[in-house]
Every structure is written in C-alpha cells, then in structure tokens.
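Examining the three-dimensional arrangement
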Amino acid sequence: MERKNILLLAATGAIALGLISADALTLVFIAPVLAPRYDLWLAIVPWALLFSSPVIPFMLAATHVFGGFRLHRRLASSLYPMIALPGALLTLAFAAVSDASSTLLPLAHGMTLTFGLASSVLLVSTAGSEETRLLLGWMPMLSAGIAGLWSILVAALVLLSSSLIAGDKPFCVALDGARHEREHERMSVARMRGFSFYTLSQERIGVIRSFHAVLVLEGDAPYSHNWSFAQYRFVPTGFDTADMARCTPKPQYWSTVPLFSFSLPPDRAPKN
C-alpha cells in the first residue's frame, strides 16, 4: 500500500473516531425498532446523516484505496466549494453568536468537519494539479486528522486525570447540564472526547454558570474539580454548580462506564 494511502486512511480514521457523535451509533441498535415507523425515519434520517458525517471521509478513503473508487474531477470541483464555503460560513456564524467563553473549540470543531469532508472529496478524485491537491487537499486533511486525534487523546487525559486525583475514593464525572441534559444517565467514555463535551456556557460578571465537566469526589461536596482545556486536567474549584448533583460517586467509576452508550432517554424512545 502506498504511503499516501496509509496517510489518507489514518487521517480520515482519526476524523471519524474523534468527531462522530455517540448518538449516531444509537441508530444502529434502534433501527429494527424504527423499521415499521416511516414517519420516524423521515425525521431521524437527516439528523443521522448530520451526526454520522464525520465518517464520510473515511468511507470515501476506504472505497478509494481498496476499491479503486474515484470521483470525476468535475463533480469533485463542484462539491468542494459547495461543502467548504457553506460549512466555513456556518461555523463562523455559530462561533460569532455562541454563548461560549471561548469560541476556539466550536470554531475548531466546525472547521475540522468542514475541511475534512471537502478535502476528502478532492483527494479521492482526479481533480487539481499537484500543487492544488497539496494546498486544498492534503494540508486541510492532515490538519483535520490531527484535530480528530486531539479529540481522542482528550478522552484519555480525562480518564487519567480523574483517576489520579480520586485515588481510592469513589468519584464520578458530570457534563455541562445546559448542553448535555440527562447524559449522566447514559455516560460513556466516547462522550469524554475533546469535541464531544465542551460547554457552550460562559462566565459572566465573575459567576461561572457551568463547566465543561466536573469531577465529584465522595466527601468533597460542595466543592470539587472542573476540567480545564487550558491545563488538560481537572483543577480544584471553589464554585458549586448544579452539574455536581448530576452524578453519584462510585468506586472505580470508569470501570462502570461503557465505551459507548446506546440507550435513548425514555421520553425519546419510539412507541408503537
């Protein structure tokens, strides 16, 4: 296998693993339940395509490398701006109106997905000169792949930091309740990736409304630790938030948390 094909598969794989929504995987398990409900499929399919879009670059790369698939250059030349321009504009608009204390994470999230998709279309086609493919294809693809890898590594750092701080104490981790309502009921390691759990709330007049995530140790209430993307670890905090009541400390907490969680909240479960 050529080195560039290995690089393409690695980059698109990192994008898929780092950005795919854990909720998208739920559809695999509820598909048999939804099969006779065409009205639900019409509502869910567009969201499923959106949530699973980080996998599209890897699927294109795999069919290109192993099946010899190539997009026609005219089609690729048309699709690239159709993906890149609206995606970049929507990302910038969302970041501009975002309530987040820092727009860097939502901006990086949107740009990674946008240019991961766009560059994959170019790289599996015959379009462009070598210089064009390098500038508009390989450079955005490698940047997106590094961002996806970063997202995965954050999950490892969350597990490591929380375990080191807790030691032998029972503990738990809760996400920002404003963005992840009821996700404490279906917590998973996948929700600890960098692009999965950042908060969109911000600090106003010195009052922190919410954290990215909080680490709650048994016996430490009402104070605990919150996740810091600046330091890539949990840091002590003197603020009590509602998120701290969203989980119950358990011994060896991460051993009780699945890699992925596929359950749906009861009020969203399909009914006959």
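In the block above lies the structure referred to throughout.
The structure presented is a predicted model; accordingly, all values stated were derived computationally and were not measured. (Residues numbered from 1 in each chain as written. Predicted model: local features only at pLDDT ≥ 70, side-chain atom pairs only at ≥ 80, totals over all residues. Heavy atoms only, no water.)

A few words now on the packing of helix α1 (residues 3–19) against helix α7 (residues 130–166). At a closest axis distance of 7 Å, the pairing of α1 and α7 adopts a crossing angle of 45°. With respect to α7, the axis of α1 lies oblique. Note on packing geometry: the crossing formed by α1 with α7 is left-handed. Across from Lys 4, Leu 7, Leu 8, Ala 11, Thr 12, Ala 14, Ile 15, Leu 17, Gly 18 and Leu 19 in α1, the residues of α7 making contact are Trp 138, Met 141, Leu 142, Ala 144, Gly 145, Gly 148, Leu 149, Ser 151 and Ile 152. (Axes fitted to C-alpha atoms, helices over the stretch in contact; angles between N-to-C directions. Helix = DSSP H or I, 4+ residues; strand = E, 2+ residues; numbered from the N terminus. Parallel < 35°, antiparallel > 145°, perpendicular 65-115°, else oblique. Left-handed = near helix turned anticlockwise from the far one by under 90°. Contact = heavy atoms within 4.5 Å.)

What follows covers the environment of Ala 95. Relative to the assigned elements, Ala 95 resides in helix α5 (residues 73–97). Apart from residues no more than four positions distant in its own chain, Ala 95 is found in contact with Thr 103 and Leu 107.

Glancing now at the packing of aromatic side chains. Aromatic ring pairs are described here by two measures, namely the spacing of the ring centres and the angle between the planes. The full count for this structure, using the stated rule, is eight aromatic pairs. Centroid distance Trp 150 to Phe 229: 6.0 Å. Interplanar angle 35°. Geometry classified as tilted. One end of the pair, Trp 150, is in helix α7; the other, Phe 229, is in the loop between β5 (224–228) and β6 (233–237), with 79 residues separating them in the sequence. What makes Phe 229 buried here is its relative accessible area of 13%. With a centroid separation of 6.4 Å and 65° between ring planes, the pair formed by Phe 197 and Trp 227 is classed as edge-to-face. Highlighted residues: Phe 197 in the loop between β1 (171–175) and β2 (203–204) and Trp 227 in strand β5, separated in sequence by 30 residues. Trp 227 matches Phe 197 in its accessibility class, with the two residues each being buried. An aromatic cluster of three or more residues is present, and its members are Trp 150, Phe 195, Phe 197, Trp 227, Phe 229 and Phe 234. (Phe/Tyr/Trp six-rings, centres within 6.5 Å; stacked < 30°, edge-to-face > 60°. Buried < 20%, exposed > 50% of the residue type's maximum accessible area, 1.4 Å probe, protein only.)

On the surface, Leu 134, Leu 135, Leu 136 and Met 139 cluster together to form a nonpolar patch covering roughly 380 Å² of accessible area. Within the element layout of this structure, Leu 134 appears in helix α7. The exposure class assigned to Leu 134 is partly exposed, which follows from its relative accessible area of 48%. (Patch = residues over 30% accessible without salt bridge, like charges linked within 9 Å, V, L, I, M, F, W, Y side chains within 5 Å. Areas by Shrake-Rupley, 256 points an atom, 1.4 Å probe, with all protein chains shown as cover. Salt bridge = Lys/Arg side-chain N within 4 Å of Asp/Glu carboxyl O.)

What follows concerns α1. The end-to-end C-alpha distance of α1, which contains 17 residues, comes to 24 Å, matching closely the 24 Å that a straight helix rising 1.5 Å per residue would cover. Of all the residues in α1, the buried ones are Asn 5, Leu 8, Leu 9, Ala 11, Thr 12, Gly 13, Ala 14, Ile 15, Ala 16, Gly 18 and Leu 19. Along its buried surface, α1 packs onto α4 (56–67), α6 (104–123) and α7. (Expected span 1.5 Å × (residues − 1).)

All told, the structure shown has one salt bridge when counted by the stated rule. Taking the shortest distance from any N to any O, the salt bridge between Glu 2 and Lys 4 comes out at 4.0 Å. Overall, the relative accessible area of 47% leaves Glu 2 in the partly exposed class. Residue classification places Lys 4 among the partly exposed residues on the basis of a relative accessible area of 47%.

Let us look at the packing of α6 against α7. Contact geometry of α6 with α7 gives a least axis separation of 8 Å together with a crossing angle of 135°. The angle between α6 and α7 falls in the class oblique. Relative to α7, the crossing made by α6 is left-handed. Note on element contacts: α7 touches α6 through Thr 132, Arg 133, Leu 136, Gly 137, Trp 138, Pro 140, Met 141, Ala 144, Ala 147 and Trp 150, opposite Leu 105, Thr 112, Phe 115, Gly 116, Ser 119, Ser 120, Leu 122 and Leu 123. Broken down by class, the residue content of the contact of α6 with α7 amounts to eleven nonpolar, six polar and one charged. (Nonpolar A, V, L, I, M, F, W, Y, C, P; charged D, E, K, R; others polar.)

With that out of the way, let us pick up the sheet that holds β1. Sheet architecture is open: four strands sit in the order β1-β4-β5-β6, paired in antiparallel fashion. Bordering the open sheet on either side are β1 and β6, each of which pairs with just one other strand. Neighbouring strand axes in the sheet, compared pairwise and without regard to direction, differ in orientation by 30° on average. Where strand β4 (residues 213–217) meets β5, two bridges bridge the pair, whose relative direction is antiparallel. Residue Val 214 lies in a different strand from β5, and its bridge partner there is Asn 226. (Pairing = 2+ DSSP bridges.)

Further remarks concern the nonpolar core. Core analysis: the largest hydrophobic core is formed by 31 residues, its most contacted members being Val 158, Val 173, Met 192, Phe 197, Trp 227, Tyr 253 and Trp 254. Broken down by secondary-structure element, the contributors of at least two residues to this core are α7, β1 and β4. Among all residues touching Tyr 253, those that are not within four sequence positions of it are Phe 171, Cys 172, Val 173 and Met 187. Counting residues in each nonpolar core, the second largest holds eleven residues, with Leu 9, Ile 15, Ala 62 and Met 141 among its members. (Core = buried A, V, L, I, M, F, W, Y, C linked by side-chain atoms within 4.5 Å.)

Any link to function would need more than the numbers given here.
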